[in-house]
Amino acid sequence: MIVKIEVQGLEQLRRNLDKKSVEIDEAGKEGLKRVGAKILATAKENLQKNNSIATGQVRNSGIVEAKDNDVDVVFKSLHASAVEFGRRAGKQPPTDNMLEWIKKKGIADTLTAKGNRRKRGEDFYKRAKSLAYLIARKIGKFGVKARPFLYPAFRQNEDEVIKILTNSIKKKL
C-alpha cells in the first residue's frame, strides 16, 4: 500500500512568500524612518527645554540618516557631544567655537547713550575674541555640565518605536 501526497502550487507559494518578505522589509525601513524623525523631533524639543540653544547650531545640525536596515539620528555639530555628555575640565576648547555664540548673544556689543547698539567694527571683534578666549579658558578649567537631549529622546519614544514598527509590518501582512 502506498500513500502519495502531492502538493501543487508550492513554487507559487515560495514566490508569494518572497514577495511578502520584500514588502515587510520595505515597511520596516519606512517605519524606521518615521521612528528616526520622531526621535529627532523630541531631541530638538529637549534642547529647547534644557535651554541649550544659543545659536541653534546643534539643533539645526540634526538629521536622520537611513541606511540598509537601520536609521541613525545624527547631530553633526562639533559641540553636540559636549552638550549631550558635558566636557571634563582639562583641555581648553578652541576659541573659534565661542565667537558665533558671542555674536549671536550680542555680549561684546556696546550701547550708545540712548541704549542702541553701536555698529560692529574692529573694536567689537577685538572684544569678542577676548571674551571668546576667556570663556574657552573657563571651560577648560572647570568643564561643562552635561545636558543630555538625544538619549532621553530615545527613552521617551521607546514604546512609540515598537508601536510604529509593529504597525508598519502588520499593514503588509
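Owing to the predicted nature of the structure, the values given are computational and were not obtained by experimental measurement. (Residues numbered from 1 in each chain as written. Predicted model: local features only at pLDDT ≥ 70, side-chain atom pairs only at ≥ 80, totals over all residues. Heavy atoms only, no water.)

Student: Give me the overall build of the protein chain: which residues, what numbers.
Tutor: Each helix and strand counted, the protein chain has seven helices and two strands in total. The order of α-helices and β-strands along the protein chain, N terminus first, is α-α-β-β-α-α-α-α-α. Among the 173 residues that make up the protein chain, the fraction classed as buried is 25%. Here the protein chain has roughly 12,600 Å² of accessible surface; of this, 52% comes from carbon and sulfur atoms. (Helix = DSSP H or I, 4+ residues; strand = E, 2+ residues; numbered from the N terminus. Buried < 20%, exposed > 50% of the residue type's maximum accessible area, 1.4 Å probe, protein only. Areas by Shrake-Rupley, 256 points an atom, 1.4 Å probe, with all protein chains shown as cover.)

Student: I'd like a rundown of the pattern of salt bridges, residues and numbers included.
Tutor: In this structure the tally under the stated criterion is four salt bridges. Glu65 serves as the salt-bridge partner of Lys76, at 3.3 Å between the closest nitrogen and oxygen. Of this pair, Lys76 sits in the loop between strand 2 (71–75) and helix 3 (80–85) while Glu65 sits in strand 1 (residues 62–66), and the two are eleven residues apart along the sequence. The class for Glu65 is partly exposed, based on a relative accessible area of 25%. Among the salt bridges present, the one from Lys163 reaches Glu160, with a minimum N-O distance of 3.9 Å. One end of the pair is Lys163 and the other is Glu160, both in helix 7 (residues 158–172) and three residues apart, which spans about a single turn. A relative accessible area of 28% means that Glu160 is categorised as partly exposed. (Salt bridge = Lys/Arg side-chain N within 4 Å of Asp/Glu carboxyl O.)

Student: Which residues make up the packing of aromatic side chains, and what values do they have?
Tutor: In the structure shown here, the tally under the stated rule is two aromatic pairs. Centroid distance Phe75 to Phe149: 5.0 Å. Interplanar angle 90°. Geometry classified as edge-to-face. In this pair, Phe75 sits in strand 2 while Phe149 sits in the loop between helix 5 (122–142) and helix 6 (150–156), placing the two residues 74 residues apart along the sequence. Where Phe124 meets Tyr125, the ring centres are 4.9 Å apart and the plane angle is 85°; that geometry is what we call edge-to-face. Among the residues examined, Phe124 registers a relative accessible area of 2% and is labelled buried. Judged by its relative accessible area of 37%, Tyr125 falls in the partly exposed class. (Phe/Tyr/Trp six-rings, centres within 6.5 Å; stacked < 30°, edge-to-face > 60°.)

Student: Account for the layout of surface pockets, naming residues and giving values.
Tutor: Reported here for the largest pocket is a volume of approximately 850 Å³. In terms of lining, the largest pocket is formed by 30 residues, of which the most central are His79, Val83, Met98, Ile139 and Arg147. Elements represented by at least two residues in the lining of the largest pocket include exactly helix 2 (57–60), helix 3, helix 4 (96–105) and helix 5. No other element matches the five residues that helix 4 contributes to the lining of the largest pocket. By residue class, the composition of the lining of the largest pocket is 14 nonpolar, ten polar and six charged. (1 Å grid on protein atoms, 1.4 Å probe; cavity = no way out; pocket = protein on both sides within 12 Å on 5 of 7 lines; lining within 4 Å. Points joined across faces, edges and corners; volume = space filled by probe spheres on them. Nonpolar A, V, L, I, M, F, W, Y, C, P; charged D, E, K, R; others polar.)

Read these as spatial facts, not as claims about activity.
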